[in-house]
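What follows is each chain in one-letter form.
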Amino acid sequence: MTDVVTRFAPSPTGFLHIGGARTALFNWAFARHHGGRFLLRIEDTDSARSTPEATAAIHEGMRWLGLDHDGEAISQASRAARHADVAHVMLENGTAYRCYASKAEIDAYREQAKAEGRPPMFPSPWRDKGPADWPEGAARDGYVIRLKAPREGEVTVEDAVQGTVTWKAGKLDDLILLRSDGTPVYMLAVVVDDHDMGVTHVIRGDDHLTNAARQSLIYRAMGWDVPVFAHIPLIHGPDGAKLSKRHGALGVEAYRAMGYLPAGMRNYLARLGWAHGDDELFSTQQLVDWFGLEAIGKSAARFDFQKLAAVNGHHMREADDATLLAAMADVAAQDKAVLEAADLSKEQINAITAARAPLAEEARRAMLLAAMPGLKERAKTLVELIELAHYILANRPLVPDAKAAKNLSGDAAVLIGRLTPQLRNASPWDGTTLEAVVRDFAEAEGLKLGKVAQPLRAALTARAISPGVFDVMQTLGRDETIARLGDVAGD
Ligand code: GLU
């Protein structure tokens, strides 16, 4: 296939939500697979609801997800004159007509139809009228332009996902193309823009399927090629119901704040509705190599946070250490309001915001990089990574959490006090030597290694879970290790 052109056409009325991000990803992957172009059109015609903040959030969300679009983003609102021109061309070629019916007249018709149990579609008496019938004087300008939808036969859309979908002609009304104030409607704008942008494939949510039927009428009225439509099933919650906030209906900025990697998101989102055999874990390059419309399923995909975390964990382990360090800093730099809107606990938000300053310190960054191979094996998200790296990010004296405090109770402080001089003299300061020192100490005390390692870990990390305690000591270095043990044992 040559010259593939796809587009993502969000309405800037809120954040870039997860369904929109998946639509963007599919269009991006399809274009990249075919060496084609992926365009971005901001559908900002609803000036009452469109905001510059929402447009900025869309751009930022796409940038973060790595979905680069070709050329400048197009503003639909800026093309209103062109949309109106097309309505007039349709008027000229007889596929549209001037309708002078008043709102009161249409409402009255609908009410009566309802009362009589008939379809509410208004059959305009102006459909087959010509200039001779139009009102005289000022009233002559008070019309809308309506599409002459077919009254007989069927309207068919060949959809790459849904197959052949047909509507009885009478089910599609003579939709308004141009309002009486000369402004175009959304349905017309989409078709004109897609045509003018050379869009060959329209991949979008299946809530637009009926729109495709109406839109195909406009294409045909203008003698334009109808693009390939691919309407993808919407994303549902794990329970099969409409996606709720608790189940993932959040903006992409929330996923960024929750510590998912763009590569993990791309992998997971791709699997929401598309499959490549049984492959669950793949790189973005593999996605591009494999992506095609034929492998998009017809049934609704279910969003599952656990699966997302598992996929993300894989991409964390695959990522190089410097990338992870930068991504940690990115999470720590998120606005408090964004963190609060995401699905994060109070403790997590505190850990993230507390990490901001230390993550900017050179010495600490060096320590994090050194510890990263051990840390990234244990974390499924960047937030977990921040929590796990607490022992590097926190300042002395450390405040143990409840479990660590328990491990430091009883005679733990005394034990650590006895162990400290031996560790101070350990040479060289490496994992093997440190382990040998602690083992010898445990043996001399008649204790199992764990009985010493547990309080040691609690003293050094303020947590009950951490990377291997000898790795921790090596990362912290001799001085910091001894100082932290002193904080607990009271030297
Ligand atoms: N602006 C529409 C939306 O955000 C998409 C229109 C389209 O893809 O054709 O739902």
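Note: the structure precedes this text.
Residues numbered from 1 in each chain as written. Predicted model: local features only at pLDDT ≥ 70, side-chain atom pairs only at ≥ 80, totals over all residues. Heavy atoms only, no water.

Details of the overall build of the protein chain
Looking only at helices and strands, the protein chain features 21 helices and 12 strands. Taken against the 2.2 N^0.38 rule, which gives 23 Å for 491 residues, the C-alpha radius of gyration of the protein chain at 31 Å runs more than 25% over that of a compact globule. Considering only C-alpha atoms, the protein chain reaches an extent of 110 × 45 × 40 Å along its principal axes. Per-residue burial for the protein chain yields a buried fraction of 48% across its 491 residues. For the protein chain, the accessible surface area stands at approximately 22,800 Å², while carbon and sulfur atoms represent 51% of it. (Helix = DSSP H or I, 4+ residues; strand = E, 2+ residues; numbered from the N terminus. Rg over C-alpha atoms; globule rule 2.2 N^0.38 Å. Buried < 20%, exposed > 50% of the residue type's maximum accessible area, 1.4 Å probe, protein only. Areas by Shrake-Rupley, 256 points an atom, 1.4 Å probe, with all protein chains shown as cover.)

Considerations on the packing of helix 20 (residues 449–461) against helix 21 (residues 469–489)
One way to put it is that helix 20 packs onto helix 21 with a least axis distance of 8 Å and a crossing angle of 80°. Here helix 21 runs roughly perpendicular to helix 20, going by the angle between their axes. Along its contact with helix 20, which presents A453, L456, R457, A459, L460 and T461, the element helix 21 presents V469, V472, M473, L476, T481, R484, L485 and V488. Residue classes in the contact of helix 20 with helix 21 are distributed as 10 nonpolar, two polar and two charged. (Axes fitted to C-alpha atoms, helices over the stretch in contact; angles between N-to-C directions. Parallel < 35°, antiparallel > 145°, perpendicular 65-115°, else oblique. Contact = heavy atoms within 4.5 Å. Nonpolar A, V, L, I, M, F, W, Y, C, P; charged D, E, K, R; others polar.)

Some details on the site of the ligand
Every residue lining the ligand is accounted for by R7, A9, P10, S11, E43, Y186, V190, R204 and H208. The separation between a nitrogen atom of the ligand and a polar side-chain atom of S11 is 2.9 Å. E43 is positioned such that a nitrogen or oxygen atom in its side chain is 2.6 Å from a nitrogen atom of the ligand. If the ligand stood free it would expose 300 Å²; the protein chains cover 79% of that surface. (Near = heavy atom within 4 Å. Polar contact = N/O pair within 3.5 Å; in protein donor to acceptor, adjacent residues only side chain to side chain.)

Observations concerning helix 18 (residues 412–424)
Helical geometry: 3.6 residues make up each α-helical turn, so side chains three or four residues apart lie on a common side. Taking 1.5 Å as the rise per residue, helix 18 with 13 residues should run 18 Å; its terminal C-alpha atoms sit 18 Å apart, in good agreement. When the local axis directions of helix 18 are compared, the greatest deviation, roughly 25°, occurs at R418, which is followed within four positions by the proline P421. Taken as a whole, helix 18 has its buried residues at A412, L415, I416, L419, T420 and L423. Among the structural elements, helix 17 (402–407), helix 19 (431–445), helix 20 and helix 21 are those in contact with the buried residues of helix 18. (Expected span 1.5 Å × (residues − 1). Bend = angle between axes of the 7 residues up to and from the residue.)

Some remarks on unusual backbone geometry
With an omega of -10°, the peptide bond between R396 and P397 qualifies as cis. Examined against the element boundaries, P397 turns out to sit in the loop between helix 16 (390–393) and helix 17. For A462, which is not a glycine, the phi torsion comes out positive at approximately 65°. Among the secondary structure elements, A462 is positioned in the loop between helix 20 and helix 21.

Some details on the sheet that holds strand 5 (residues 144–147)
The antiparallel open sheet is built from three strands, whose spatial order is 4-5-8. Pairing within the sheet leaves two strands with one partner each, and these edge strands are strand 4 (96–99) and strand 8 (176–178). Each neighbouring strand pair of the sheet contributes to a mean axis angle of 45°, computed without reference to strand direction. In this sheet, strand 5 lies alongside strand 4 in antiparallel orientation, the contact comprising four bridges. Within strand 5, the residue paired with C99 across the bridge is V144. (Pairing = 2+ DSSP bridges.)

Regarding the environment of A189
Turning to its location among the elements, A189 is positioned in helix 5 (residues 186–196). When residues no more than four places from it in sequence are discounted, the contact partners of A189 are Q76 and H83.

Topic: the nonpolar core
Counting residues in each nonpolar core, the largest one holds 106 residues, and the members touching the most others are Y255, F303, M328 and L423. When residues of this core are assigned to their parent elements, the largest contribution, nine residues, is made by helix 1 (residues 18–33). Excluding residues within four positions of it along the chain, Y255 makes contact with I18, W64, G248, A249, L250, Y260, M265, F303, F305 and L308. Judged by nonpolar contacts, the second largest core, of 47 residues, contains V5, Y100, M197 and L217. (Core = buried A, V, L, I, M, F, W, Y, C linked by side-chain atoms within 4.5 Å.)

Thoughts on the packing of aromatic side chains
All chains considered together, the criterion is met by 12 aromatic pairs. With a centroid separation of 5.7 Å and an interplanar angle of 75°, the aromatic rings of Y109 and F122 are classed as edge-to-face. Taken together, the residues span a long stretch of sequence, with Y109 in helix 4 (residues 103–115) and F122 in the loop between helix 4 and strand 5 at a distance of 13 residues. Arranged with centres 5.9 Å apart and planes meeting at 65°, the rings of Y255 and F303 form a pair that is edge-to-face. (Phe/Tyr/Trp six-rings, centres within 6.5 Å; stacked < 30°, edge-to-face > 60°.)

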